[in-house]
Amino acid sequence: MAAIGRRASPLGPSKPQRWEARVVTLPETSETRLPSARSDPAPLFAADGVTVRFGGLVALDDVSLAAQPHEVHGVIGPNGAGKTTFFNVCCGFVRPDTGTLWWRGEPVPALRPAQLAGMGIARTLQGLGLFAGLTVAENVMVGADRFRRTGFASALFALPRAGADERRLRERAAAAMREVGVEDYAARHPGSLPYPVRKRVALARALAADPELLLLDEPASGLGADDMAELGELVRALTERMTVILVDHHMDLVMSVCDRITVLDFGRVVAEGSPAQVRDDPAVIDAYLGEEARHG
Ligand SMILES: Nc1ncnc2c1ncn2[C@@H]1O[C@H](COP(=O)(O)OP(=O)(O)OP(=O)(O)O)[C@@H](O)[C@H]1O
């Protein structure tokens, strides 16, 4: 791709980023590694050489990404770049034609969505997927279900330990609702709530699973500026206890909350790095300017 001059980035102006303070300079010693060697810890989750074809269309072409513990890793790219397909691979909805997913240093040969909760992975989807017939509290409790210790028979015969189990799940759900600020809606049904509140409920349900990895698909879509700013703060706070992979169009959110960003275009990784690095990367600027040209 031809180098381009310093034209204005379509991703917004450069500004100081708080994560830049985390860059560690290794002392010069005889054992100092080559500059190209990454000194990152082992990734919690990684995709290695993932390719997905839909008929003749290559939606993902040899895509690799490594999400380190306690980081927010963003996946961005113009329309049709392959973001949703990548998210669906990470959730086990789409099986890659080639490539491997890694979880805690082990390959995951054929990830299925039903495995996620048991592995410690939770996700929120663009479509939210809340149960219309359940209250907010009940929806969030579904997320906590992996902590249920008693089986169907105990619940059926109302054994005491089933009651204790239920209480624990309710407490877990209540904590998740408090964390995202929806506790006042606990008894309501999702259909009666505004979309931004429903989005929070979906996030609470994911958090009730106490995941090590949280996958967020378009978490900012449909949110106004205030809700988006609160979401950004919440996501940053979550890194105390989990890793987040975030797929979103909203550059303000992605640039302000992510530690690292992988940029896709036409199914390929065109850049990877800190927000400051990708913002000024000519390949990224070209991808977004190309999109503007394509869509007028
Ligand atoms: N199930 C499918 N069958 C055929 N083609 C698909 C399918 N899903 C996605 N694609 C194609 O794969 C490519 C990548 O699509 P994808 O939805 O992953 O991109 P995206 O970056 O999420 O786009 P957007 O930002 O518009 O949601 C597109 O060309 C899309 O038309």
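Above: the structure in question.
Residues numbered from 1 in each chain as written. Predicted model: local features only at pLDDT ≥ 70, side-chain atom pairs only at ≥ 80, totals over all residues. Heavy atoms only, no water.

## What about the site of the ligand?
The condition that has to hold: Throughout, the term near means that a residue has one or more heavy atoms lying within 4 Å of the molecule or strand in question. Under the rule applied, a polar contact is a pair of N or O atoms within 3.5 Å (in protein, one hydrogen donor and one hydrogen acceptor; residues adjacent in sequence only if both atoms are side-chain atoms). For the accessible areas, the method is Shrake-Rupley and the probe is 1.4 Å, while residue cover comes only from the protein chains on display. Numbering of helices and strands runs from the N terminus, with a helix taken as a DSSP run of H or I at least four residues long and a strand as a DSSP run of E at least two residues long. Residue polarity is assigned by list, with Asp, Glu, Lys and Arg as charged and Ala, Val, Leu, Ile, Met, Phe, Trp, Tyr, Cys and Pro as nonpolar; anything else, Gly included, falls into the polar class.
Residues in close proximity to the ligand include Phe 54, Leu 57, Ala 59, Pro 78, Asn 79, Gly 80, Ala 81, Gly 82, Lys 83, Thr 84, Thr 85 and His 249, which together make up its full environment. Here an oxygen atom of the ligand sits 2.9 Å away from a polar atom, N or O, in the main chain of Gly 82. Taking Thr 84, its side chain carries an N or O atom lying 2.7 Å from an oxygen atom of the ligand. For the ligand, whose free accessible area comes to 630 Å², the fraction covered by protein is 58%. Those elements that provide at least two residues to the shell around the ligand are β2 (57–67) and α1 (83–91). Counting residues per element, the shell around the ligand draws most heavily on α1, at three residues. For the shell around the ligand, a count of residues per class yields five nonpolar, six polar and one charged.

## Some words on the packing of helix α6 (residues 195–208) against helix α7 (residues 225–238)
To be explicit about the condition: Note on definitions: angles span 0 to 180 degrees between N-to-C directions of axes, and those axes are lines fitted to C-alpha atoms, for helices only across the stretch in contact. Reported orientations rely on four angle classes, namely roughly parallel under 35 degrees, roughly antiparallel over 145, roughly perpendicular from 65 to 115, and oblique for the rest. Contacts: residue pairs with any heavy atoms within 4.5 Å of one another.
Packing of α6 against α7 leaves a shortest axis separation of 12 Å and a crossing angle of 10°. On the basis of the axis angle, α6 is roughly parallel to α7. Residues Pro 196, Arg 200, Leu 203 and Leu 207 of α6 lie in contact with α7, whose contacting residues are Asp 227, Glu 230, Leu 231, Leu 234 and Leu 238. Looking at the contact of α6 with α7, its residues break down into six nonpolar, no polar and three charged.

## What to know about the sheet that holds strand β1 (residues 45–54)
To be explicit about the condition: At least two DSSP bridges between two strands are needed for those strands to be called paired.
Strand order in the open sheet made by the four strands is β2-β1-β4-β5, with antiparallel pairing throughout. A strand with exactly one partner marks an edge of an open sheet, and here the two such strands are β2 and β5 (106–108). Across the sheet, the mean angle separating the axes of adjacent strands is 30° when strand polarity is ignored. Pairing geometry for β1 and β2, over seven bridges, is antiparallel. For Phe 54, the partnering residue across the bridge sits in β2 and is Leu 57.

## As for the side chain of Thr 135
Rules: Burial here depends on accessible area, computed with a 1.4 Å probe over protein chains only, as a share of the maximum for the residue type. Under 20% is buried, over 50% is exposed, and the range in between is partly exposed.
Structurally, Thr 135 is set in the loop between β6 (121–124) and α3 (136–143). Owing to a relative accessible area of 14%, Thr 135 belongs among the buried residues under this scheme. In contact with Thr 135, not counting residues within four places along its chain, are Ala 186, Ala 187, Arg 188 and His 189.

## A word on the pairing of strand β8 (residues 243–247)
The condition is simple: Look down the strands so they point away from you; if going from the first strand over the helix to the second traces a clockwise path, that crossover is right-handed.
For β8, the buried fraction is high: five of the five residues fall into the buried class. Note that strand β3 (residues 72–76) and β8 share four bridges and pair parallel. When the sheet's bridge partners are listed, Gly 74 is paired in β8 with Leu 246. Sheet topology places strand β7 (residues 213–217) next to β8; five bridges connect them, and they run parallel. Paired with Leu 215 across the strands is Ile 245, a residue of β8. Note on the crossover from β7 through α7 to β8: the handedness is right-handed.

## Comments concerning the packing of α3 against α6
Two quantities define a packed helix pair, namely the angle between the axes and the distance from one axis to the other. This is how the line gets drawn: Crossings are classed by handedness, with left-handed meaning an anticlockwise turn of the near helix from the far one by less than a right angle and right-handed meaning a clockwise turn.
Packing of α3 against α6 leaves a shortest axis separation of 6 Å and a crossing angle of 35°. The two elements α3 and α6 cross, and the hand of that crossing is right-handed. Residues Val 136, Asn 139, Val 140, Val 142 and Gly 143 of α3 lie in contact with α6, whose contacting residues are Val 201, Ala 204, Arg 205 and Ala 208. A per-class count over the contact of α3 with α6 returns six nonpolar, two polar and one charged.

## Things to note about the state of the cysteines
Basically, it comes down to this: Disulfide: a pair of cysteine sulfur atoms within 2.5 Å of each other.
Evaluation of the coordinates by the stated rule reveals zero disulfides. Free cysteine: Cys 90, not disulfide-bonded; nearest cysteine sulfur from Cys 91 at 6.7 Å. For Cys 90, a relative accessible area of 1% gives the class buried. Residue classification places Cys 91 among the buried residues on the basis of a relative accessible area of 0%.

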